[in-house]
Amino acid sequence: MKILLIEDDRETAGHIVHGLESQGHSVEQVHDGIEGLAQARAGEHSALIVDRMLPGMDGLSLVKQLRTEGRQIPVLFLTTMSGLDDRVAGLEGGGDDYLVKPFAFSELLARVNAITRRHGEGEPTKLRVADLEMDLIRRTASRGGKGIDLQPQEFRLLEYLLRNAGRVVTRTMLLENVWDLHFDPRTNIVETHLSRLRSKIDRGFGAELIHTVRGAGYILRAD
Amino acid sequence: MRIRFLYTEAFRLSAIYAGIFALSVLALGSVVFVMTDRAFRDQVVLFSRADIAAMRNGFDAEGVKEAREVLQQIMGKPGESDFFLLQKDGKKIAGNLPPMPAQSGIVPLPGSGPGHDILGVGDFLEPGLYVYAGSDLQRVHAAEREILQALAWLFALAMLLAIGGGTLVSRSFLQRSDAMARACRAIMDGDLKARIPVRGAYDELDRLAGTINEMLDRIAALMENLRQVTNDIAHDLRTPVSHLRQRLERAREDSHEAEDYAEALSAAIEKTDEILQLFASLLRIAQIEGGARRADFSPIALGPLLTHVRDMFGAVAEASGHHLELKLQAEAAIRGDRALIIQLLTNLTENAILHTPEGTNISLLLSRTDERALITVSDDGPGVPREEHDKLFQRLYRREASRSRPGYGLGLSLVAAIAELHGADISLRDDSAPGLGVTLSFPVTLPTAQGTG
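Residues numbered from 1 in each chain as written. Chains lettered and ligands numbered in written order. Predicted model: local features only at pLDDT ≥ 70, side-chain atom pairs only at ≥ 80, totals over all residues.

### Focus on the overall build of chain B
Here comes step 1: For chain B, the count of helices and strands is eight helices and twelve strands.
Here comes step 2: Residue burial in chain B is summarised as follows: out of 453 residues, 25% are buried. (Helix = DSSP H or I, 4+ residues; strand = E, 2+ residues; numbered from the N terminus. Buried ≥ 20, exposed ≤ 12 C-beta atoms within 10 Å, placed from the backbone.)

### Details of the overall build of chain A
Here comes step 1: Counting its secondary structure elements, chain A contains eight helices and eleven strands.
Here comes step 2: A total of 223 residues make up chain A; the buried ones form 36% of that total.
Here comes step 3: Partitioning the intrachain contacts of chain A with sequence separation of at least 6 by distance along the chain shows that 56% fall at a separation of at least 24. (Contact = placed C-beta atoms within 7 Å.)

### Re the nonpolar core
Here comes step 1: With 104 residues, the main nonpolar core has Ile49(A), Val50(A), Leu158(A), Leu302(B) and Ile418(B) as its most contacted residues.
Here comes step 2: Those residues within four positions of Ile418(B) in sequence are excluded, and the remaining contacts are Ile288(B), Leu340(B), Gln343(B) and Leu344(B).
Here comes step 3: Val44(B), Phe47(B), Leu86(B) and Ala133(B) belong to the second-largest nonpolar core, a separate cluster that totals 22 residues. (Core = buried A, V, L, I, M, F, W, Y, C linked by C-beta atoms within 7 Å.)

### Quick look at the sheet that holds strand β1 (residues 83-88) of chain B
Residues and elements named next belong to chain B.
Here comes step 1: One open sheet accounts for five strands, arranged β2-β1-β5-β4-β3; its pairing is antiparallel. If you trace the sheet from one side to the other, it starts and ends with β2 (91-95) and β3 (105-110), each paired once. When strand polarity is set aside, the average angle formed by the axes of neighbouring strands in this sheet is 25 degrees.
Here comes step 2: The sheet contact formed by β1 and strand β5 (residues 129-136) spans six bridges and is antiparallel. If you follow Gln-87 over to β5, its bridge partner there is Tyr-130.
Here comes step 3: Helix α2 (residues 64-76) rests against β1, β2, β4 (117-126) and β5 of the sheet, and its axis sits at about 45 degrees to β2. (Pairing = 2+ DSSP bridges. Axes fitted to C-alpha atoms, helices over the stretch in contact; angles between N-to-C directions.)

### Describing the packing of helix α7 (residues 338-354) of chain B against helix α8 (residues 411-421) of chain B
All names here are of chain B.
Here comes step 1: Where α7 meets α8, the axes come as close as 9 Å, and the angle between the chain directions of the two elements is 145 degrees. Handedness of the crossing formed by α7 with α8: left-handed. Contacts between α7 and α8 pair Leu-340, Gln-343, Leu-344, Asn-347, Leu-348 and Asn-351 from the former with Gly-411, Leu-412, Leu-414, Val-415, Ile-418 and Ala-419 from the latter.
Here comes step 2: Residue classes in the contact of α7 with α8 are distributed as eight nonpolar, four polar and no charged. (Left-handed = near helix turned anticlockwise from the far one by under 90°. Nonpolar A, V, L, I, M, F, W, Y, C, P; charged D, E, K, R; others polar.)

### What to know about the interface of chain B and chain A
Here comes step 1: Of the residues lining the interface, 22 residues belong to chain B; the matching set on chain A comes to 22 residues.
Here comes step 2: Elements with a contribution of two residues or more to the side of chain B that touches chain A: α5 (258-290), α6 (302-319) and α7 of chain B.
Here comes step 3: At seven residues, α7(B) tops the list of elements feeding residues into the side of chain B that touches chain A.
Here comes step 4: Of the residues belonging to the side of chain B that touches chain A, the class tally is 14 nonpolar, four polar and four charged.

### What to know about the packing of helix α8 (residues 189-201) of chain A against α6(B)
Here comes step 1: Two numbers describe how α8(A) lies on α6(B): the axes approach to 9 Å, and their chain directions differ by 85 degrees. It follows that α8(A) is roughly perpendicular to α6(B) by the angle criterion. Between α8(A) and α6(B), the residues in contact are Ile189(A), Thr192(A), His193(A) and Arg196(A) and Met312(B), Ala315(B), Val316(B) and Ala319(B), respectively.
Here comes step 2: A per-class count over the contact of α8(A) with α6(B) returns five nonpolar, two polar and one charged. (Parallel < 35°, antiparallel > 145°, perpendicular 65-115°, else oblique.)

### Points about helix α3 (residues 138-188) of chain B
Here comes step 1: With 51 residues, α3(B) extends 72 Å between its outermost C-alpha atoms, agreeing within 8% with the 75 Å of an ideal straight helix rising 1.5 Å per residue.
Here comes step 2: Two residues or fewer after α3(B) comes Gly190(B), characterised by a positive phi angle close to 115 degrees. (Expected span 1.5 Å × (residues − 1).)

### Brief notes about the environment of Met159(B)
Residue and element names in this part refer to chain B.
Here comes step 1: By the element assignment, Met-159 lies in helix α3.
Here comes step 2: The class of Met-159 is partly exposed, set by 15 C-beta atoms lying within 10 Å.
Here comes step 3: In this structure, the C-alpha to C-alpha distance between Met-159 and Phe-21, residues 138 residues apart in sequence, is 7.9 Å.
Here comes step 4: Excluding its chain neighbours within four sequence positions, the residues that come into contact with Met-159 are Ala-18 and Ala-22.

### Considering the pairing of strand β3 (residues 47-51) of chain A
Residues and elements named next belong to chain A.
Here comes step 1: Judged by how many residues are buried, β3 sits mostly within the fold: five of five residues are covered.
Here comes step 2: Judged by which residues are buried, β3 turns out to be covered on both faces: Ala-47, Ile-49 and Asp-51 on one side and Leu-48 and Val-50 on the other are all buried.
Here comes step 3: In this sheet, β3 lies alongside strand β1 (residues 2-6) in parallel orientation, the contact comprising four bridges. Opposite Leu-4, over in β3, you have Leu-48 as the bridge partner.
Here comes step 4: Alignment of β3 against strand β4 (residues 75-79), held across four bridges, turns out to be parallel. Paired with Val-50 across the strands is Phe-77, a residue of β4.
Here comes step 5: As a crossover connection, the stretch from β3 through helix α3 (residues 59-68) into β4 is right-handed. (Right-handed = clockwise from strand over helix to strand, strands pointing away.)

### Regarding unusual backbone geometry
All names here are of chain A.
Here comes step 1: A cis amide bond, omega -5 degrees, links Lys-101 with the succeeding residue Pro-102.
Here comes step 2: Relative to the helices and strands, Pro-102 is located in the loop between β5 (97-100) and α5 (105-120).
Here comes step 3: Located in the positive-phi region is Arg-139, a residue other than glycine, with phi close to 55 degrees.
Here comes step 4: Relative to the elements of secondary structure, Arg-139 occurs in the loop between β7 (132-135) and β8 (140-143).
Here comes step 5: A residue is classified by how many C-beta atoms lie within 10 Å of it, and Arg-139, with 11 of them, is exposed.
Here comes step 6: Phi at Asp-180 takes a positive value of approximately 65 degrees, unusual for a residue other than glycine.

### Regarding the sheet that holds β8(A)
Residues and elements named next belong to chain A.
Here comes step 1: Spatially, the four strands line up as an open sheet ordered β6-β7-β8-β9, and their pairing is antiparallel. Only two strands of the sheet have a single neighbouring strand rather than two, namely β6 (126-129) and β9 (146-148). Averaged over all pairs of adjacent strands, the angle between their axes in this sheet comes to 20 degrees, without regard to strand direction.
Here comes step 2: Strand direction decides the pairing type here: β7 and β8, joined by four bridges, are antiparallel.

### Let's talk about α3(A)
All names here are of chain A.
Here comes step 1: Every buried residue belonging to α3 is among Gly-59, Leu-60, Leu-62, Val-63 and Leu-66, and all of these are buried. Down the axis, α3 shows its buried residues gathered within 160 degrees of arc, on one side only.
Here comes step 2: Looking at the buried residues of α3, the elements they touch are β1, α2 (33-41), β3, β4 and α4 (86-92).
Here comes step 3: Positioned one or two residues after α3, Gly-70 has a phi angle of 85 degrees, which is positive. (Arc of directions from axis to C-beta.)

### Quick word on the confidence of the model for chain B
Interpretation of this model should avoid reading the predicted coordinates in detail wherever pLDDT is low.
All names here are of chain B.
Here comes step 1: For chain B, mean pLDDT is 83; residues scoring 70 or higher make up 90% of the total.
Here comes step 2: Between the elements of chain B, mean pLDDT differs from a low of 82, seen in β3, to a high of 96, seen in strand β7 (residues 323-328).
Here comes step 3: Of the regions scoring below 50 in pLDDT, residues 448-453 engages in 16 contacts with residues more than four places distant in sequence or in other chains.
Here comes step 4: Interface confidence for the predicted complex, given as ipTM, is 0.82, next to a pTM of 0.63. (pLDDT = per-residue confidence, 0-100.)

### Some words on the pairing of β4(B)
Residue and element names in this part refer to chain B.
Here comes step 1: For β3 and β4, the ladder comprises six bridges, and the chain directions are antiparallel. In the strand pairing of β4, Pro-108 is matched with Leu-119.
Here comes step 2: Judged from the eight bridges that link them, β4 and β5 form a sheet pairing that is antiparallel. Each residue of the ladder has a partner; that of Gly-120, found in β5, is Gly-134.
Here comes step 3: Where β4 folds back onto β5 in an antiparallel hairpin, the turn is made up of two residues, including Gly-128, whose phi is positive at roughly 90 degrees.

Following this line, the structure appears as structure tokens:
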């Protein structure tokens, strides 16, 4: 995947480039907004990672400009931690996701993967991995044809995992997307709900579908 | 310094008023002067015509001799015309004026003799027989000079009043603006408690002073907040950072295998994340206390929100042997920042889960009065001694009992900051029932239960 990184802090940029390249992606890096806009307009990239604060043209204006021109490229915003309130503005301005610095590299990687996939898809009404099925309209889930009774939050959790099937999702992504929590809770909400979900969809069905990826997060896939 | 008042707005205004006043006095004076002058002249002409009419009567009755007789009679009387002439074909018959070119109608004789300015009327009694009667205008001029003088005095007095009044007004204005400047200077010099004196008259300046004082109070509160945050960061980052340093140092000494290093590095990254988390929390509190998020307020239905919180933590509470229960006694909607209210409820619920022993019942209760929506998070655990209640919401306060657990004592100060942002009061249950009960009382802005969650 060819990714355009627009980040003026060269140390952070170097860190990101190194990480993404070691994952087999090719990264082009630019250090100011105006140059960044020009590169993004060339339209050769599959994803854009943009810092909110940039010399020349700030990240939000840059993305707004791209969206005004009708460009659909997936965008991940980066921001400093004092910019917590910028999240809403960033997403409304056309960003697909938002990551607060400093971040673990696994977090960035998972989010880049998530936004690039999301763009390719329409909105399916049924999700399926192996013999696990979800009907989003009828709000039902089943495995191997056997109905599974899920609490509302378990349903949302499974839906999110299924939508991202085959890709790592981080704990933070789950907190944000399933529970709408934009801070780190002190109790293990994610672990608790995941273990309940596992006991419902994995126990007694032979092959496990939800896997823990150490140091990164979780993944739903059929081995 | 002395003539500084010349540059004040009050003085400028009074100067403008004085100018307008002076112009109107001048205009009024001119009108009075012109009208008086005309009246005097009309009177002179009137007298002259009357005298000439008397002479004509004499002439018509008994001829030139009688006209001359009448002339001399009138000339002897005071209060009538002063100057007369009766001439026949350019030769003077009687009167006190030298012969002159005969001309009928109103005839001024300027410069006729030293000190005289005569105005009068000439007429022909019969062809060739010319008669003239007139008065000296010197008396008129004298009266007019008197009027002018009076006007000049009036003008001077008006100017004096305007300038004097303006000076007084601007002096008092200056004294008050000086007081403002002094207060501002005192604040600039470091006395942040200085405020602008308010006279209590509730005039424009008082209102201005009041507004500035309110602004200063707000700035002072923000400064205090900033100072507090800076102190907190200075004091409380030292501990985890020095722990981090100790660990890294020990890892360098004790590690022999690559595995040891990897483990030490993981531990160091974890510790760094904790420190960053602390930073983020402090910044977040400061941000919320700064009030910047108020712009994002929208209606929130509390029932669905509390249900969401219960669903989130029900399983967590159960996993740690607690029981979490939700009681919705009423529905209420408030205006607020949904993400922040969720964080507030998360903090209170997590506190109850983390700081009470197994078997504790925790309850989330929503009730309301006419004007307030009440959310109570309570438990029947060991509770917090009454004397510690006040300290609970202070930034970085940690009870002795909880010092061994992770965290930096920011949870409840964040709760306090979010509550304050929403105009909510926090109270702690103060009865003999076991456990801790925290009640948040939000102002209800929507009269009915409907709203978007």
